[in-house]
Amino acid sequence: MTFSLRDQLSNQLRSLRRYALALARNRDDAEDLVQETLVRAISGSRTFRPNGDLRSWLFGILHNVHVNGVRREQVRARGASAIEAMSNGQVPPSQPGHVELMRTMEAFATLPEEQRRVLTLVAVEGMSYQEAARLLDIPLGTLMSRLARGREALRVEMGHRDRAQPSPLRAVR
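The structure presented is a predicted model; accordingly, all values stated were derived computationally and were not measured. (Residues numbered from 1 in each chain as written. Predicted model: local features only at pLDDT ≥ 70, side-chain atom pairs only at ≥ 80, totals over all residues. Heavy atoms only, no water.)

1. So, helix 9 (residues 140–157)
The end-to-end C-alpha distance of helix 9 is 26 Å, a good match for the 26 Å that 18 residues give at a rise of 1.5 Å each. When helix 9 is considered as a whole, its buried residues turn out to be Leu143, Arg146, Leu147, Gly150, Arg151, Leu154 and Arg155. Next to the buried residues of helix 9 lie helix 6 (96–109), helix 7 (113–124) and helix 8 (129–136). (Helix = DSSP H or I, 4+ residues; strand = E, 2+ residues; numbered from the N terminus. Expected span 1.5 Å × (residues − 1). Buried < 20%, exposed > 50% of the residue type's maximum accessible area, 1.4 Å probe, protein only. Contact = heavy atoms within 4.5 Å.)

Next comes the structure, spelled out in structure tokens:
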């Protein structure tokens, strides 16, 4: 593994952590996912194509690590979501933007995992629909359907029943 690839790996940590947190809903489990992803990326670095997209490769590894963990039932619910962990023992923020963000995060945490995955990749990480569909190994139409259902569920949860109002995560792109 070249030094350059290690630098590139470290540049992807924030994105990997965000995606892992969206999948795992728990900071400790998310960190475990990121660590396992990096271990696999480093040990399998010879399989990375030098002209390939490192971000997609890493997200694919992270996604597969998570799916394998769910299939083996090794991912345990710890009872506290990342949102609860962040706000535990703290005074709620008084700034309207922070309050709206917390409401959005709470609503986001209630979405089914397949909708959280799609919303995280497209709305938070800024991946194209095609790139996200390829990463999740689903048809483009399925991705778009999950994205629409997830956005609508957030809209309803956030009280934005009128479609004229902006949807949470729509403008993040």
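2. Side note on the pattern of salt bridges
The final tally for this structure, using the stated rule, is 8 salt bridges. Linking Arg40 and Glu36 is a salt bridge whose minimum nitrogen-to-oxygen distance equals 2.8 Å. Here the residue Arg40 and the residue Glu36 both occupy positions in helix 3 (residues 27–43), the gap between them amounting to 4 residues, near one helical turn. Of the residues examined, Glu36 reaches a relative accessible area of 30% and is grouped as partly exposed. A salt bridge links Arg146 to Glu114; its shortest N-O distance comes to 3.5 Å. (Salt bridge = Lys/Arg side-chain N within 4 Å of Asp/Glu carboxyl O.)

3. Concerning unusual backbone geometry
One non-glycine residue with positive phi stands out, namely Arg25, at about 60°. Tracing the backbone through its elements, the reader meets Arg25 in the loop between helix 2 (13–24) and helix 3.

4. What about the nonpolar core?
Taken as a class, soluble globular proteins show a tendency for nonpolar side chains to be buried jointly. In this structure, Leu62, Leu121 and Leu143 are the most contacted members of the largest nonpolar core, which totals 39 residues. Elements with a minimum of two residues in this core: helix 2, helix 3, helix 4 (54–71), helix 6, helix 7, helix 8 and helix 9. Setting aside its immediate chain neighbours within four residues, Leu121 contacts Tyr19, Phe59, Gly126, Met127, Ala132, Leu135 and Leu136. (Core = buried A, V, L, I, M, F, W, Y, C linked by side-chain atoms within 4.5 Å.)

5. Some remarks on the environment of Leu154
Mapping Leu154 onto the fold places it in helix 9. Taking the relative accessible area as the measure of exposure, Leu154 reaches 0% and is therefore buried. It is 9.6 Å that separates the C-alpha atoms of Leu154 and Met105, two residues lying 49 residues apart in sequence.

6. Side note on helix 2
With 12 residues, helix 2 extends 16 Å from end C-alpha to end C-alpha; this agrees with the ideal 16 Å at 1.5 Å per step. Listing the buried residues of helix 2 in full gives Leu13, Ser15, Leu16, Tyr19, Ala20, Ala22, Leu23 and Ala24. Within two residues after helix 2, Arg25 carries a phi angle of roughly 60°, on the positive side.

7. Let's talk about the confidence of the model for the chain
Averaged over every residue, the pLDDT of the chain is 79; the share at 70 or more is 75%. Here residues 74–83 scores under 50 on pLDDT; set against residues more than four positions off or in separate chains, the count is 21 contacts. (pLDDT = per-residue confidence, 0-100.)

8. Focus: the packing of aromatic side chains
By the definition in use, this model includes 2 aromatic pairs. Centre to centre, the rings of Phe48 and Trp57 are 5.0 Å apart; their planes meet at 45°, and the pair counts as tilted. Just as Phe48 is buried, Trp57 falls in that class too. In this structure, Arg55 is placed above the aromatic ring of Phe59, and the distance from its NZ or CZ to the ring centre is 5.4 Å. (Phe/Tyr/Trp six-rings, centres within 6.5 Å; stacked < 30°, edge-to-face > 60°. Lys NZ or Arg CZ within 6 Å of the ring centre and 35° of its normal.)

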